Each structure stands twice: as structure tokens, then as C-alpha cells.
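Understanding the architecture of this molecule
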Amino acid sequence: MGLIVEERKGAVMVWTLDRPDRLNALPDLEDGEAFAAACAAVNADPFIRCVVMTRAGRAFSAGGDLKAMKDRRDLFEGSGAAIRERYRRVVHRIVRALYGLEVPLVTAVNGPAMGLGCDIAGLGDIRIASDRASFGVPFM
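Okay, so let's go over this structure. (Residues numbered from 1 in each chain as written. Predicted model: local features only at pLDDT ≥ 70, side-chain atom pairs only at ≥ 80, totals over all residues. Heavy atoms only, no water.)

This structure, assessed with the given rule, holds one aromatic pair. Here the aromatic rings of phenylalanine 76 and tyrosine 87 are separated by 6.4 Å at their centres, their planes lie at 70°, and the arrangement is edge-to-face. Linking phenylalanine 76 in the loop between helix H2 (66-71) and helix H3 (80-89) with tyrosine 87 in helix H3, this pair joins segments that are eleven residues apart in sequence. Overall, the relative accessible area of 11% leaves phenylalanine 76 in the buried class. Residue class for tyrosine 87 comes out partly exposed when judged on its relative accessible area of 32%. (Phe/Tyr/Trp six-rings, centres within 6.5 Å; stacked < 30°, edge-to-face > 60°. Helix = DSSP H or I, 4+ residues; strand = E, 2+ residues; numbered from the N terminus. Buried < 20%, exposed > 50% of the residue type's maximum accessible area, 1.4 Å probe, protein only.)

Here you go:
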């Protein structure tokens, strides 16, 4: 199963970040394509009026996968130039896809939103935070 679970409720598309065992850590190498495809599908459907993004588990998104960073694997593997190129293909693609969404994006933040997770939450046209929400940008 992929990161984004989609459920249509009338004119509303609900996206649930579904990687609860890893606190919805972002991004895995395929996440750029997942967000781009989900946004393209919404943009192509004239009957969808908005997207609500929420989470499974206890975190909206913990942001970067600290284990992958420490082990220098996946997005963080190789030379600086290779990492930069993967950031363009994955991280930047996520942000560009959400920015290009042609309907309002509501981010329902009901747990920690850290790093890239905070960035994604902030891309919402409307952001709703529960009393369990917290936000942080602990970039090094």
C-alpha cells in the first residue's frame, strides 16, 4: 500500500497519510510520484471541490526519516550532488504538486508535523490544528 490512501466523499477527496508505523515519515523515494499522481488526478476531475489531508496513527508527519539519514540510505545516499538531485525529484516534486493543486487543500493536523511534514501542513489553503497538533522545523 502506498503513502496516500484516497477516499472520495462526494465532492471532497480525503487523503490520509498512511505510514503510521514510521510516524508518516517523508519522503520515501516514491513519494514524489505519489503526490504528483494524486494531485494530477484531482486536477483532472472537475467534480472534486477540495482535498482534505489528514493522517493515520499518532503523527501528521514526523518529517524526514532519521534512520535513513543516519544510515545514509534512500534519499540520503551517495554524494552531495546525488542527494541534491534526489531532493529535486522527490521533495521538490511533492511541494510543487501540492502548490499546483487547483482546488483548496485543507490540512487537518491532528498530531506532530515536523520538518517536511510541517512544510506540507503549511501548504494547506486552510490549516486546522487539533489540540494534539504541534509544529516544528528542526532542520540542521
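The structure having been displayed, the exposition proceeds.
In the contact formed by helix H1 (residues 31-43) and helix H4 (residues 91-99), the axes pass within 8 Å of each other and the chain directions differ by 10°. Comparing the axis directions of H1 and H4 gives the class roughly parallel. Residues Asp31, Gly32, Glu33, Phe35, Ala36 and Cys39 of H1 touch H4, and the partners they reach there are Arg93, Ile94, Ala97 and Leu98. Its residues assigned to classes, the contact of H1 with H4 shows six nonpolar, one polar and three charged. (Axes fitted to C-alpha atoms, helices over the stretch in contact; angles between N-to-C directions. Parallel < 35°, antiparallel > 145°, perpendicular 65-115°, else oblique. Contact = heavy atoms within 4.5 Å. Nonpolar A, V, L, I, M, F, W, Y, C, P; charged D, E, K, R; others polar.)

Pairing of strand S1 (residues 4-9) with strand S2 (residues 12-17), which is carried by six bridges, proceeds in the antiparallel orientation. Within the sheet, the bridge partner assigned to arginine 8 lies in S2 and is methionine 13. (Pairing = 2+ DSSP bridges.)

Looking now at the environment of glutamate 30. Mapped onto the secondary structure, glutamate 30 falls in the loop between S2 and H1. The class of glutamate 30 is partly exposed, set by a relative accessible area of 47%. Put simply, glutamate 30 and alanine 133 are 103 residues apart on the chain and 26 Å apart in space, counted from C-alpha to C-alpha.

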